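Examining the three-dimensional arrangement
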Amino acid sequence: MTKSEELFHEAVTLIPGGVNSPVRAFGSIGGTPRFIDHAQGAYMTDVDGITYLDFIGSWGPMILGHNHPQILKSVEEACKKGLSYGAATEKEVIMARLICEIVPSIEMVRMVNSGTEAVMSAVRVARGYTGRNKIVKFMGCYHGHSDAMLVKAGSGVMTSGIPDSAGVPAGCTQDTLSANYNDLDSVKELFSKFGQEIAAVIVEPVGANMGVVPPKPGFLEGLRAICTKYGALLIFDEVITGFRLGIDGAQGYYGVQSDLTTFGKIIGAGMPVGAYGGRKEIMRQVSPVGNVYQAGTLSGNPVAMAAGITQLTILRDHPQIYRELNEKGDWFFGKLKKMIEDAGKSWQVNHVGSLGCIFFTDQHVTDYASAKTSDTVKFAEYFHYMLDHQIHLGPSQFEAMFLSAAHTKEELKEVLSVIKSYMNR
Ligand SMILES: *Cc1c(COP(=O)(O)O)cnc(C)c1O
């Protein structure tokens, strides 16, 4: 037995599924999850001493690679000053100033501890601000695990949402309406029926939790126009895209402004951090100024703020990081696509900048229904082939490959040659 196998064996007796977040359990692909001991740059090493080229990157936060020396140093320095006070700190002001300067649509921001919390809070603010209850979300978009967001689909877009998880009362999702990603007509249909009751439309500006599904030209602009027309708020869930597609996220990349934005992942540089923000008039609804209640004992934690501030500052001060990263993504996923075509396979490659994935289907993937046509058994085989060659992908068809500034073209060429050998085996 490997050390990972031993640990997993015990973990499943102590933790549900042996993991603290379901995707880590290798449930959809089989096999034993690798227990990681340490990581550096583009690599992580498991407890058996095997080193993998890492394309999870903590699901995004490691955009600069693992263990970045400046981030590490700022965390060490913050630790020495005490881990938490439960009182206001200068770092929170610095972080808020940074975010408001970087993201034009944000004038005021509140820090929380996860993406889930950011979304849950933003939705509450949207409801408080508009005095309306209904929320439109898109099938296949993930917005964390709060009750109202655990809806994939109602039975057809015209019905109220049916909970996607046990333990979520139907009452919690009855105001969640589902639309099809990249399908403005499905949104218009909902608005024509419920227009005056809809508080907000929440969307991943690039779908990155059903594999990678870019927005079609005009989709985000269309959502903006519909929300404005009906007085609903547009919420961009930029937990993955924020500070990744560019310093100002998907809203900068596509030039469409949201009313509220949620962040997580990159914003904490690997520490548990989330945030939500928007215009002042909206954010002034939040307690203690307004009457939308939201709080957090560890929110704005000084050690977490130190990590996040350092990472965001590096990203802001070095715009070439994004140029290079997006160029590298275009190059890598472009080569991948060509290689797959040349091999006579009909698989799809979707990507935006440094996010991308292969779908094992001959259909173009533009929404949840087409994403689901992917052959997940084939994905499992591909995943394990890559893992055997010390390349650690996200263990699910419906996760993105995250490229970081630490991945070199040489390493990516090696990945392409392993995928080629997979196709030719
Ligand atoms: C990961 C993710 C979340 C949830 O963030 P957590 O920090 O895991 O709670 C929300 N929205 C999107 C788009 C995500 O990718």
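Conventions used here
Residues numbered from 1 in each chain as written. Predicted model: local features only at pLDDT ≥ 70, side-chain atom pairs only at ≥ 80, totals over all residues. Heavy atoms only, no water. Helix = DSSP H or I, 4+ residues; strand = E, 2+ residues; numbered from the N terminus. Rg over C-alpha atoms; globule rule 2.2 N^0.38 Å. Buried < 20%, exposed > 50% of the residue type's maximum accessible area, 1.4 Å probe, protein only. Pairing = 2+ DSSP bridges. Axes fitted to C-alpha atoms, helices over the stretch in contact; angles between N-to-C directions. Contact = heavy atoms within 4.5 Å. Salt bridge = Lys/Arg side-chain N within 4 Å of Asp/Glu carboxyl O. Near = heavy atom within 4 Å. Polar contact = N/O pair within 3.5 Å; in protein donor to acceptor, adjacent residues only side chain to side chain. Areas by Shrake-Rupley, 256 points an atom, 1.4 Å probe, with all protein chains shown as cover. Nonpolar A, V, L, I, M, F, W, Y, C, P; charged D, E, K, R; others polar. Core = buried A, V, L, I, M, F, W, Y, C linked by side-chain atoms within 4.5 Å. Domains from an automatic or database assignment. Buried area = accessible area lost by both parts, 1.4 Å probe. 1 Å grid on protein atoms, 1.4 Å probe; cavity = no way out; pocket = protein on both sides within 12 Å on 5 of 7 lines; lining within 4 Å. Points joined across faces, edges and corners; volume = space filled by probe spheres on them. Parallel < 35°, antiparallel > 145°, perpendicular 65-115°, else oblique. Left-handed = near helix turned anticlockwise from the far one by under 90°.

1. Observations regarding the overall build of the protein chain
Along its length, the protein chain carries 14 helices and 14 strands. Here the C-alpha atoms of the protein chain give a radius of gyration of 21 Å, agreeing with the 22 Å that 2.2 N^0.38 yields for 425 residues. In terms of overall dimensions, the protein chain has C-alpha extents of about 60 × 55 × 45 Å along its principal axes. Out of the 425 residues in the protein chain, the part that is buried amounts to 55%.

2. Comments concerning the sheet that holds strand E6 (residues 176–179)
Taking strand neighbours across the sheet as the criterion, the seven strands line up as E4-E10-E9-E8-E7-E5-E6 in an open arrangement whose pairing is mixed. Each having just a single partner strand, strand E4 (108–112) and E6 make up the two edges of the open sheet. Taking the axes of each pair of neighbouring strands and ignoring which way they run, one obtains an average angle of 20° across the sheet. The sheet contact formed by strand E9 (residues 260–263) and strand E10 (residues 274–278) spans four bridges and is antiparallel. Following the sheet pairing, Thr 261 is matched in E10 by Gly 277. Across the sheet, helix H4 (residues 115–130) touches E4, strand E5 (134–138), strand E7 (198–203), strand E8 (233–237), E9 and E10, and the angle it forms with E9 is around 165°.

3. Here we look at the pattern of salt bridges
The full count for this structure, using the stated rule, is 13 salt bridges. Notably, a salt bridge pairs Asp 259 with Arg 224, separated by 2.9 Å at the nearest N-O pair. Within this pair, whereas Asp 259 is found in the loop between helix H8 (249–254) and E9, its partner Arg 224 is found in helix H7 (residues 219–230), the two being separated by 35 residues in sequence. The class for Arg 224 is buried, based on a relative accessible area of 18%. Notably, a salt bridge pairs Lys 338 with Asp 342, separated by 3.0 Å at the nearest N-O pair. With Lys 338 and Asp 342 both in helix H11 (residues 320–342), this residue pair falls four residues apart, about one helical turn. It is possible to trace a salt-bridge network through shared partners that takes in Arg 224, Asp 259, Arg 279 and Glu 281.

4. Some points on the pairing of strand E12 (residues 355–359)
Put simply, side chains in a regular strand alternate between the two faces of the sheet. Of all five residues in E12, five are buried; the element is thus mostly enclosed. The alternating pattern of E12 places Leu 355, Cys 357 and Phe 359 on one face and Gly 356 and Ile 358 on the opposite face, and all of these are buried. The antiparallel hairpin formed by strand E11 (residues 348–352) and E12 contains two residues in its connecting segment, where Gly 353 sits at a positive phi of about 55°.

5. Focus on the sheet that holds strand E2 (residues 43–46)
The sheet built from four strands is open, its strands ordered E1-E2-E3-E13 with mixed pairing. Only two strands of the sheet have a single partner each, and these edge strands are strand E1 (36–40) and strand E13 (391–392). With four bridges joining them, E1 and E2 adopt antiparallel strand pairing. Bridged to Gln 40 within E2 is Tyr 43.

6. Regarding the site of the ligand
Neighbouring the ligand are the residues Ser 114, Gly 115, Thr 116, Tyr 142, His 143, Gly 144, Glu 204, Asn 209, Asp 237, Val 239, Ile 240 and Lys 265. Contact between the ligand and Gly 115: an oxygen atom at 2.9 Å from a main-chain N or O atom of the residue. Lys 265 places a side-chain nitrogen or oxygen 2.6 Å from an oxygen atom of the ligand. When isolated, the ligand has an accessible area of 380 Å², and the protein chains bury 83% of it. Here the residues of the shell around the ligand are counted per class, giving three nonpolar, six polar and three charged.

7. Remarks on the nonpolar core
By size, the foremost hydrophobic cluster in this structure holds 66 residues, and its most contacted members are Ile 99, Phe 243, Ile 267, Phe 332 and Leu 336. Setting aside its immediate chain neighbours within four residues, Phe 332 contacts Met 401, Leu 403, Leu 412, Val 415 and Leu 416. Core analysis: the second largest hydrophobic core is formed by 45 residues, Trp 59, Val 136, Val 206 and Ala 371 among them.

8. Comments concerning the domain arrangement of the protein chain
Under the domain assignment, the protein chain is made up of domain 1 (3–67 + 319–424) and domain 2 (69–317). Contact with domain 1, which involves 32 residues of that partner, is made by 34 residues of domain 2. Buried surface at the junction of domain 1 and domain 2, both sides included, amounts to about 2600 Å², of which 65% is carbon and sulfur. For the pair domain 1 and domain 2, the interface holds zero salt bridges. On the surface where domain 1 and domain 2 come into contact, there are nine residue pairs in polar contact (both at pLDDT 80 or more). Those elements that place two or more of their residues in the side of domain 1 that touches domain 2 are H11, E11, E12 and helix H12 (368–371). Classifying every residue of the side of domain 1 that touches domain 2 gives 20 nonpolar, ten polar and two charged.

9. What about empty space enclosed by the protein?
One pass over the structure, following the stated rule, counts two cavities of 30 Å³ or more. Of the voids in this model, the largest cavity is the one considered here, and its volume is about 110 Å³. Forming the walls of the largest cavity are Gly 356, Cys 357, Ile 358, Phe 379, Tyr 382, Leu 393, Gly 394, Ser 396, Gln 397, Glu 399, Ala 400 and Met 401. Secondary-structure elements contributing two or more residues to the lining of the largest cavity are E12 and helix H13 (376–388).

10. Digging into the packing of helix H2 (residues 69–80) against helix H10 (residues 302–317)
For the pair H2 and H10, the least separation of the axes is 8 Å and the interaxial angle reads 155°. When the interaxial angle is binned, H2 and H10 end up roughly antiparallel. As H2 runs across H10, the sense of the crossing is right-handed. Taken together, the residues of H10 that come into contact with H2 (itself represented by Gln 70, Ile 71, Ser 74, Val 75, Ala 78 and Cys 79) are Pro 302, Val 303, Ala 306, Ala 307, Thr 310, Gln 311 and Ile 314. Across the contact of H2 with H10, the residue classes tally to nine nonpolar, four polar and no charged.

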